[in-house]
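Take a look at the letters that make up each chain.
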Amino acid sequence: MKNVRLVSRSERKGKSQGLLAGLNPKQREACNKIDGPMLILAGAGSGKTRALTYRLAYLIEQGVPASNILALTFTNKAAREMKARIADLVGAEQAQRVWAGTFHSIFARILRREAELLGYTRSFSIHDGEDSLNQIRAVMTDLGISQQDFTPQAVRGAVSKAKNSLLSWQEYQRQADSVFEQQVGLVYKEYVNRMRRSNAMDFDDILLNMIALLRSDPAILARYSRQFHYILVDEYQDTNHAQYMSIQMLAKEHRNICVVGDDAQSIYRWRGADIRNILQFEKDFTDTSVVRLEQNYRSTKTILAAANDVIQHNVRQLKKELWTDNDAGDPVYLRRCYDDREEAAAVVDTIKREISGKGLKYKDFAVLYRINAQSQALEDAFRRSNIPYVIIGGMSFYKRKEVKDALAYLRLLVNPSDNESFLRVVNEPARGIGKTSLQRIAAYANDRDLSLFDACRSIESVPNLQKRARTAALDFVSWVARFTETLAEMPMDEVVKNYLEASGLPRMYQEAHGDDAFDRYNNVQRILSHVTEYSRENAEPTLTDYLQEVALIDDAEDAQDQDKIVTMMTMHGAKGLEFPTVFIVGMEQGLFPLARAEKEPEELEEERRLFYVAITRAEQRLYLSYTQRRYRFGELSYPQPSYFLGEIGKDKIEELGRSQAAASERPSRGRGSRQATRPSSTASAGTTSKTSYFDDIKPDEDQTYSQIPEEQNRSRLRSGLRVHHSKFGEGKVLNVAGSGDQRRARVRFAGVGEKTLMLKYARLEVLGD
DNA sequence: CTCAAGTCTCCGAAC
DNA sequence: GAGACTTGAG
């Protein structure tokens, strides 16, 4: 952030007024009242981070011990940056003592210390979303709950939501009324049990257990209240109920709590964020001082005005007036593209042009999109043009199968009870312990409340096993146990090296053929060097701490050489960042806003806030683009331009023609069929810039499904929709499967029962949700 | 029990 | 269109 002025050494030593001298009056106000509750409403680009950094530095300068400050940020990266800047102001030694990090990382650190009080061991595992989804699947299977009726994702979502609302499984079961909720109640209970038995916590548990810890004993609450005498919470609009509760408890006694946020940038409702937390802060803490940071230092007047145009369409919001002294700058550029390949080529082309013309560097650019799948086309285009890039999020390093396997091996080493990890690696590479054997071992373990690992240790007592499987299982657990013992005697990186090599995982990929085997092998090796690096950099490295760090890592941390590369990420990932030039791609109805948000006013407003966040990342130039055809789910669709585009005043927009590079990129065969296949409107749409997107857009067009070509209607069909069939009457779609001509739907009709229909033949009329 | 080919699900954002 | 999961032959 450009407006941070480094404070010189002499200034640092000066009086406090000197420290705060470089701030504007509002920012200063946000810093110099250090006691009592404070709410800082900070608009996008208003120098919020700067104000927070100075506030913390000021606290320290006023004599507050740095170790009594708790600063909860949204990402670990934000915490690190904040610490680095505090170090510039008051010295590294002090800065290092501040408790800065995400809710999850700080709480996990505390829980590690207090684990025994809650019935865990200190080496408890942390399970990520994928792990917990696997666990939910397994529970559903074992309870005989059909995964057709209720998807594991939906069940996990419901469990997570319950946890975030602090509903125990007992309470949840009591108030469950629909069939779905009753089923979820059963899964919830069993899931909790199994996580306990695995000595594991998921992300939600980290918050819940922190609250449980604080509630367990007034003395503990008192201790941590004292420890965190000054609390600061960033991005408060995106806290969920559990996070809210933990803060309430910790701050209740001393009331030195400062929260910072912007309701217009709340974009995590879907994972439990409750916007009311910020709206009601003044009621929670009566004598709150409220400070508004409304001057934007980041963007041009035009970009800021465009953002304001958009957010105005939201009904529910706190009024604020963002303004800026910056220049008007360029208009907002808008480009219509044929498809996502052309869109990506246009981005590449523009970057090249701006670099040679304006002297910008690669790091000055960011490409933002709605869903991770959109990164593919961009990645291809960047590769072809040899432009260095980094993709943040999505299928990141830590989500790859081989990496997760390697980490599961390590988790098992410190926490043998971790059944999820056990199942992941016990037969990877194949050791002759197959599904059937595992089922029998699991049955035995369940009866006796043992972990799978312990069950294998007494494998002779497990009934109905083949001799071979018995030996293999026993060999496996003794092998792991041997390495666990050496952990106490040898440096951890050496143990890990020997252990992983002996696991056979690297060799498996070495010997495998196939395109990605080599990459996978290298990824496993990368974990090894990562562990080595970790153990060199830390004074007392433990494998448990390493695993915790990795589990709670945010992807942004992987962006190493941020200097020389273009950043690509989702709009969610861009929160808190800024770039001179920003591209927002895929501005299409059904993609942004997403189809399912179109009919939900609350969700639509969240999408709009997301657009607002994305726009306000841009400092100098903003490029928006949309395509006329796009593949989704392997099927072609012809989206309308996003009506968010129409919400920006026309006076701020300049439409661009197709770029030369983009035009020549297009294979000629694509053009001929184009007009023929394009449904509805603009038959005249040529390849020139003559036609406007306003021709494309028909904002109020009441488009019914029957007007859309059959092909599209077919892809729009999804479970939950009500449909009408000429013979069977009205029914409800249960699921949709297959693609192309094979695409078929299972539909329950009133009276007639369930039918599977080939969509090619069955002319289903969609009635709605 | 294992492997390869076939089938199904996914593509909604992430600590 | 890829990756995860299932299925059927050795």
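In this numbering scheme, every chain counts its residues from 1 along its sequence in written order. Naming scheme: in the order in which they are written, chains are lettered from A and ligands are numbered from 1. At least 70 in pLDDT is required for a residue's local features to be given in this predicted model, at least 80 for side-chain atom pairs to be given and counted, and no such filter applies to totals for whole chains, interfaces and linings, which use all residues. Each side-chain value is derived from all of the structure's non-hydrogen atoms; neither hydrogens nor water enter the calculation.

Enquirer: Mind showing me how you'd approach the protein's contact with DNA strand B here?
Expert: Note on terminology: near, applied to a residue and a molecule or strand, indicates that one of the residue's heavy atoms is within 4 Å of it. Close to DNA strand B lie 27 residues; Trp270, Arg370, Gly432, Ser437 and Arg596 are nearest. Put simply, 44% of the atoms of DNA strand B that lie within 4 Å of the protein are in sugar or phosphate. Within the contact set of DNA strand B, a phosphate oxygen lies 3.3 Å away from a side-chain nitrogen or oxygen of Gln153. Think of a polar contact as two N or O atoms within 3.5 Å of one another; within protein, one of them needs to be a possible hydrogen donor and the other a possible acceptor, and neighboring residues in sequence only count if both atoms come from side chains. Contact between DNA strand B and Thr436: a phosphate oxygen at 3.0 Å from a side-chain N or O atom of the residue.

Enquirer: When you look at the packing of aromatic side chains in this model, what are you seeing that I'm missing?
Expert: The description of two aromatic rings rests on the distance between their centres and on the angle between their planes. The pairing test for Phe, Tyr and Trp rings, Trp by its six-membered ring, is centres within 6.5 Å, and the orientation test on the planes gives stacked under 30 degrees, edge-to-face over 60, and tilted for anything in between. For the structure on display, the rule yields 28 aromatic pairs. Consider the rings of Phe365 and Phe583, whose centres lie 6.4 Å apart with planes at 25°: the pair is stacked. Taken as a pair, Phe365 in strand β12 (residues 365–369) and Phe583 in strand β15 (residues 579–584) lie far apart in primary sequence, 218 residues in all. Both residues of the pair, Phe365 and Phe583, belong to the buried class. Joined through ring pairs, the aromatic side chains of Tyr409, Phe422, Phe453, Phe476, Trp479, Phe483 and Tyr499 make up one cluster. In DSSP terms, a helix is any run of H or I states spanning at least four residues, a strand is any run of E spanning at least two, and both are numbered starting from the N terminus. Note on classification: 1.4 Å probe, protein chains only; a residue is buried when its accessible area is under 20% of the maximum for its type, exposed when over 50%, partly exposed between these limits.

Enquirer: What am I meant to see in the confidence of the model for chain A here?
Expert: Do not read the predicted coordinates in detail wherever pLDDT is low. Of all residues in chain A, 82% attain a pLDDT of 70 or more, and the chain-wide mean is 83. Predictor confidence is given residue by residue as pLDDT, running from a minimum of 0 to a maximum of 100. We call two residues in contact when some of their heavy atoms are within 4.5 Å. The low-confidence segment residues 1–16, where pLDDT is below 50, has 30 contacts with residues more than four positions distant or belonging to other chains. Across residues 660–691, where pLDDT falls below 50, the model places 46 contacts with residues more than four positions away in sequence or in other chains.

Enquirer: I'm lost on the packing of helix α20 (residues 401–414) against helix α25 (residues 492–503) in this one. Help?
Expert: How two helices pack is summed up by the angle between their axes together with the distance between the axes. For the pair α20 and α25, the least separation of the axes is 11 Å and the interaxial angle reads 120°. The angle between the axes of α20 and α25 places the two elements in the oblique class. Remark: the crossing between α20 and α25 carries right-handed chirality. Residue-level contacts link Ala406, Tyr409, Leu410, Leu412 and Leu413 of α20 to Val495, Val496, Tyr499, Leu500 and Ser503 of α25. Nonpolar residues are Ala, Val, Leu, Ile, Met, Phe, Trp, Tyr, Cys and Pro. Charged residues are Asp, Glu, Lys and Arg, and all others, Gly as well, are polar. Considered class by class, the residues forming the contact of α20 with α25 number nine nonpolar, one polar and no charged. Axes here mean lines fitted to C-alpha atoms, for a helix over just the part in contact, with angles spanning 0 to 180 degrees between N-to-C directions. Should an angle lie under 35 degrees it is considered roughly parallel, over 145 roughly antiparallel, and from 65 to 115 roughly perpendicular; all remaining angles are considered oblique. In this scheme, a crossing is called left-handed if the near helix is turned counterclockwise away from the far one by less than a right angle; it is called right-handed if the turn is clockwise.

Enquirer: Looking at this model, I keep getting lost on the pattern of salt bridges. Mind explaining?
Expert: Opposite charge on two side chains permits them to pair, given that their charged atoms come into close proximity. Salt bridge, as applied in this entry: a Lys or Arg side-chain nitrogen positioned within 4 Å of an Asp or Glu carboxyl oxygen. In the structure shown here, the tally under the stated rule is 39 salt bridges. Glu81 is the salt-bridge partner of Lys77, the closest N and O atoms lying 3.8 Å from each other. Of this pair, Lys77 and Glu81 both sit in helix α5 (residues 76–90), four residues apart, which is roughly one turn of that helix. Among the residues examined, Lys77 registers a relative accessible area of 15% and is labelled buried. Judged by relative accessible area, Glu81 falls into the partly exposed class, the value being 35%. Sharing partners across several salt bridges, the network here consists of Asp128, Glu130, Asp131, Lys401, Lys404, Asp405, Arg411, Asp418, Arg424 and Glu428.

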